[in-house]
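Spelled out, the chains give:
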Amino acid sequence: GCAIVTAYWFLANRFMTTRTRRGGSKNSDGSSMSSNNNVEWLFAFDVHCNSFVPLFVALYLGQLILSPLLSQRGFICALLSNILYGLSLSYYHYCQFVGFNSLPFLERTEFLLYPVVGLVLLAIPLSAMQFNPTRWVLSWYFGPDVLK
């Protein structure tokens, strides 16, 4: 989690902050205005937590309820599992976008939605190869013998 937060924090500060002119901004009365247009790490952590809770609930609760179906072998089960993971991870990225988009000094926050395209493009071949993320996660958590 902290690595993801740090990556989003770095990306926001490095590539999405507005650039002020060399002379700085001026208030309406002509005095200099110092603006600290940096995203704080704790803000990025808060956005991550707010994005992770729906991901956790949708993914793990959905996986728990549907595990008798999703843990089976076959194309349909792999497709449903990939859809569940794809929707959950897409919603995580959408919540990240909404959180960072709320800051008025950030530009180009729509770049945070680009991983959704990658998830969709990745889900198609993974489903065709019958890769089942639910089976992979369950075997990672509990060992490969649990699904035999």
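What counts as what
Residues numbered from 1 in each chain as written. Predicted model: local features only at pLDDT ≥ 70, side-chain atom pairs only at ≥ 80, totals over all residues. Heavy atoms only, no water. Buried < 20%, exposed > 50% of the residue type's maximum accessible area, 1.4 Å probe, protein only. Helix = DSSP H or I, 4+ residues; strand = E, 2+ residues; numbered from the N terminus. Contact = heavy atoms within 4.5 Å. Polar contact = N/O pair within 3.5 Å; in protein donor to acceptor, adjacent residues only side chain to side chain. Phe/Tyr/Trp six-rings, centres within 6.5 Å; stacked < 30°, edge-to-face > 60°. Axes fitted to C-alpha atoms, helices over the stretch in contact; angles between N-to-C directions. Parallel < 35°, antiparallel > 145°, perpendicular 65-115°, else oblique. Nonpolar A, V, L, I, M, F, W, Y, C, P; charged D, E, K, R; others polar. pLDDT = per-residue confidence, 0-100.

(A) Structural context of helix α5 (residues 133–142). Considered for burial, the residues of α5 that qualify are P133, T134, R135, V137 and L138. Looking at the buried residues of α5, the elements they touch are α2 (41–70) and α3 (75–101). Here α5 starts with a cap whose side-chain oxygen sits 3.0 Å from the backbone nitrogen of T134, and that cap is N132. In the stretch just after α5, G143 is the one whose phi turns positive, near 95°.

(B) Seen up close, the packing of aromatic side chains. Per the counting criterion, the structure on display carries 12 aromatic pairs. Plain terms: the ring middles of F56 and Y60 are 5.0 Å apart, the flat faces sit at 50° to each other, and that makes the pair tilted. With F56 and Y60 both in helix α2 and 4 residues apart, the pair spans about one turn of that helix. Look at F56 and you get partly exposed, because its relative accessible area is 41%. Taken together, the ring pairs connect W136, W140, Y141 and F142 into an aromatic cluster.

(C) Layout of the packing of α3 against helix α4 (residues 114–128). Interhelical geometry of α3 versus α4 gives an angle of 170° and a closest axis separation of 9 Å. What the angle tells us is that α3 and α4 run roughly antiparallel. Of the residues in α4, those touching α3 at F75, A78, L79, N82, G86, L89, S90 and H93 are P115, V116, L119, A123, L126, S127 and A128. Classifying every residue of the contact of α3 with α4 by side-chain character gives 10 nonpolar, 5 polar and no charged.

(D) View of the side chain of T17. Note on placement: T17 falls in the loop between α1 (2–16) and β1 (25–26). Reaching out from T17, the side chain makes a polar contact with the backbone oxygen of N13 at a distance of 3.2 Å. Apart from residues lying up to four places away in sequence, T17 is in contact with A12, N37, F105, L106 and R108.

(E) Molecular detail of the confidence of the model for the chain. Here the chain averages 86 in pLDDT, while 87% of its residues score no lower than 70. When the elements of the chain are averaged for pLDDT, strand β2 (residues 32–33) gives the smallest value, 45, and α3 the largest, 94. The model gives residues 29–34 a pLDDT under 50, and that stretch makes 7 contacts with residues more than four places away or in other chains.

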